[in-house]
Amino acid sequence: MDANHSEMLAPTARSAVAVARAPRSSLDDLPRPVAVVVSGGGVLGAAHAGVGYALEQRGFVPDLIVGTSVGALTGAVGAAHPHDAAQRLQDVWVGLSRRDVFPVGYFPARTSVCGDRGLRRLIERADVPARIEQLPVPFVAVATDLATGDEVTLDHGNLTTALLASTAIPGILPPVERDGRTLVDGGVVSCVPVRAARLAGAASVLVLTTGAWTPDGGALRGRSATAVALRAYRLRLQDQVRRDLREVATAVPTVVLPTGVDAWPAAWDFDHSQRLIRTAYETACRFLDDLRIDGPGLYTTTERAR
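Computed from a prediction, not measured in an experiment: that's the story for all the values here. (Residues numbered from 1 in each chain as written. Predicted model: local features only at pLDDT ≥ 70, side-chain atom pairs only at ≥ 80, totals over all residues. Heavy atoms only, no water.)

**As for the overall build of the chain**
Here comes step 1: A count of helical and extended segments in the chain gives 10 helices and 9 strands.
Here comes step 2: The buried share of the chain, reckoned over its 306 residues, is 52%.
Here comes step 3: Once local pairs closer than 6 in sequence are excluded, the contacts in the chain between residues at least 24 apart make up 76%.
Here comes step 4: For the chain, the exposed surface amounts to about 13600 Å²; the carbon and sulfur share of it is 52%. (Helix = DSSP H or I, 4+ residues; strand = E, 2+ residues; numbered from the N terminus. Buried < 20%, exposed > 50% of the residue type's maximum accessible area, 1.4 Å probe, protein only. Contact = heavy atoms within 4.5 Å. Areas by Shrake-Rupley, 256 points an atom, 1.4 Å probe, with all protein chains shown as cover.)

Printed below as a string of structure tokens:
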């Protein structure tokens, strides 16, 4: 990676983590164990690094991390490096290109357009251990069983295959054979895997999202076949996420950290990472400054516990 990449994020986020820790926040009031749930969202996953800066500035370290799709990659780095994951993630995202992740033109099999060589190299550079059990923070990757449609939680064994399975976008990246199952992207059935976190014993949940499923996201733009299909997909996704969040929020505090992202890049466009990181950092900081925890409920920019 170019030596200047780590400096490309304007001083906003980088200086913030270099100064004194922020005052005590309501994060300290979350019942333990606290699970960080990291959502899917493709290229918007760069926003996770910005939110990570805000959390690290406040000295927050989770007891469990659950990730799906691109969130599984973010989550694994966070579980491996709980005190400085944001900088590592920033360095990765700012240096990424489409060819690094989706090497279009190489057809490995009938099951996918791209091979997984790029993702394997990315995982190798992420400085994570070989097995999930070796991570300092307990970690769960979420995938989808292609045969049954079941949500599959991967909390032990080979970390690389777990990440490849969780990020295997159907038709784009190859499915992963693991433990007798054919696994694909966890975002197919659980884009924000809060239920998996609850089942793993979380007493409170902190969601790192990308904003891709928010109610005002993905408004219909044009009448092309692609625009209509994307809008229909996002509507289904919104319904799934809302249902899961409200189900879990009836039992435990469920905090959804906003990213402030309202101008989305194309699915293959990795050139906006700097903007996504900065915007997410600033938005998450404002939200955390105002956050007050008062028992179970859904805590978002528009809702409070009830």
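**Quick word on the packing of helix α2 (residues 47-57) against helix α4 (residues 85-94)**
Here comes step 1: Relative to each other, α2 and α4 sit at 160 degrees, their axes nearing to 8 Å. As far as their axial angle goes, α4 and α2 are roughly antiparallel. Note on packing geometry: the crossing formed by α2 with α4 is left-handed. For the pair α2 and α4, the contacting residues are Ala49, Gly52, Tyr53 and Glu56 in the first and Ala85, Ala86, Gln87, Leu89 and Gln90 in the second.
Here comes step 2: The residue makeup of the contact of α2 with α4, split by class, is 5 nonpolar, 3 polar and 1 charged. (Axes fitted to C-alpha atoms, helices over the stretch in contact; angles between N-to-C directions. Parallel < 35°, antiparallel > 145°, perpendicular 65-115°, else oblique. Left-handed = near helix turned anticlockwise from the far one by under 90°. Nonpolar A, V, L, I, M, F, W, Y, C, P; charged D, E, K, R; others polar.)

**Structural notes on the side chain of Thr300**
Here comes step 1: Position of Thr300 relative to the elements: it lies in the segment after β9 (297-299).
Here comes step 2: Excluding its chain neighbours within four sequence positions, the residues that come into contact with Thr300 are Val256 and Phe287.

**Here's the deal with α2**
Here comes step 1: Burial analysis of α2 places 10 of its 11 residues in the buried class, which makes it a mostly covered element.
Here comes step 2: Along α2, the positions that sit buried rather than exposed are Ala47, His48, Ala49, Gly50, Val51, Gly52, Tyr53, Ala54, Leu55 and Gln57.
Here comes step 3: Positioned one or two residues after α2, Gly59 has a phi angle of 70 degrees, which is positive.

**Quick notes on the packing of aromatic side chains**
Here comes step 1: In the structure shown here, the tally under the stated rule is 1 aromatic pair.
Here comes step 2: On the basis of an interplanar angle of 90 degrees and a centroid distance of 6.5 Å, the ring pair of Tyr53 and Tyr281 is categorised as edge-to-face. Of the two residues, Tyr53 sits in helix α2 while Tyr281 sits in helix α10 (residues 273-290), which places them 228 residues apart along the sequence.
Here comes step 3: A relative accessible area of 1% places Tyr53 in the buried class. (Phe/Tyr/Trp six-rings, centres within 6.5 Å; stacked < 30°, edge-to-face > 60°.)

**A closer look at the environment of Val77**
Here comes step 1: Among the structural elements, Val77 can be located in helix α3 (residues 70-80).
Here comes step 2: Residue Val77 is classed as buried on the basis of its relative accessible area of 9%.
Here comes step 3: A C-alpha to C-alpha distance of 9.3 Å links Val77 and Ile123, two positions 46 residues apart in sequence.
Here comes step 4: Excluding residues within four positions of it along the chain, Val77 makes contact with Ala85, Arg88, Leu89, Ala126 and Val128.

**Overview of α3**
Here comes step 1: The buried fraction of α3 is high, at 11 of 11 residues.
Here comes step 2: Regarding α3, the residues found buried are Val70, Gly71, Ala72, Leu73, Thr74, Gly75, Ala76, Val77, Gly78, Ala79 and Ala80.

**Regarding unusual backbone geometry**
Here comes step 1: Omega for the peptide link from Arg32 to Pro33 comes to 0 degrees, which places this bond in the cis form.
Here comes step 2: Position of Pro33 among the secondary structure elements: in the loop between α1 (11-18) and β1 (34-38).
Here comes step 3: One non-glycine residue, Ser69, lies in positive phi territory at about 55 degrees.
Here comes step 4: Along the chain, the position of Ser69 falls in the loop between β2 (64-68) and α3.

**Some points on the pattern of salt bridges**
Here comes step 1: Within this structure, the stated rule accounts for 11 salt bridges.
Here comes step 2: Across the pair Arg88 and Asp84 runs a salt bridge, and its minimum N-O distance is 3.4 Å.
Here comes step 3: A relative accessible area of 34% means that Asp84 is categorised as partly exposed.
Here comes step 4: With a shortest N-O distance of 3.5 Å, Arg195 and Asp244 are connected by a salt bridge. Here Arg195 is found in helix α8 (residues 194-199), whereas its partner Asp244 is found in helix α9 (residues 225-249), with 49 residues between them in sequence.
Here comes step 5: Bridged by salt links that share partners, the residues Asp84, Arg88 and Asp127 form one connected network. (Salt bridge = Lys/Arg side-chain N within 4 Å of Asp/Glu carboxyl O.)

**Observations regarding the packing of helix α6 (residues 117-125) against helix α7 (residues 159-166)**
Here comes step 1: Where α6 meets α7, the axes come as close as 11 Å, and the angle between the chain directions of the two elements is 130 degrees. Regarding the angle of α6 to α7, the classification is oblique. Considering only the axes of α6 and α7, their crossing is right-handed. Residues Leu119, Arg120 and Ile123 of α6 touch α7, and the partners they reach there are Thr160, Leu163 and Leu164.
Here comes step 2: Residue classes in the contact of α6 with α7 are distributed as 4 nonpolar, 1 polar and 1 charged.

**Notes on the side chain of Asp116**
Here comes step 1: Within the secondary structure, Asp116 is located in the loop between α5 (98-101) and α6.
Here comes step 2: The exposure class assigned to Asp116 is buried, which follows from its relative accessible area of 19%.
Here comes step 3: Those residues in contact with Asp116 that lie beyond four places of it in its chain are Leu164 and Pro174.

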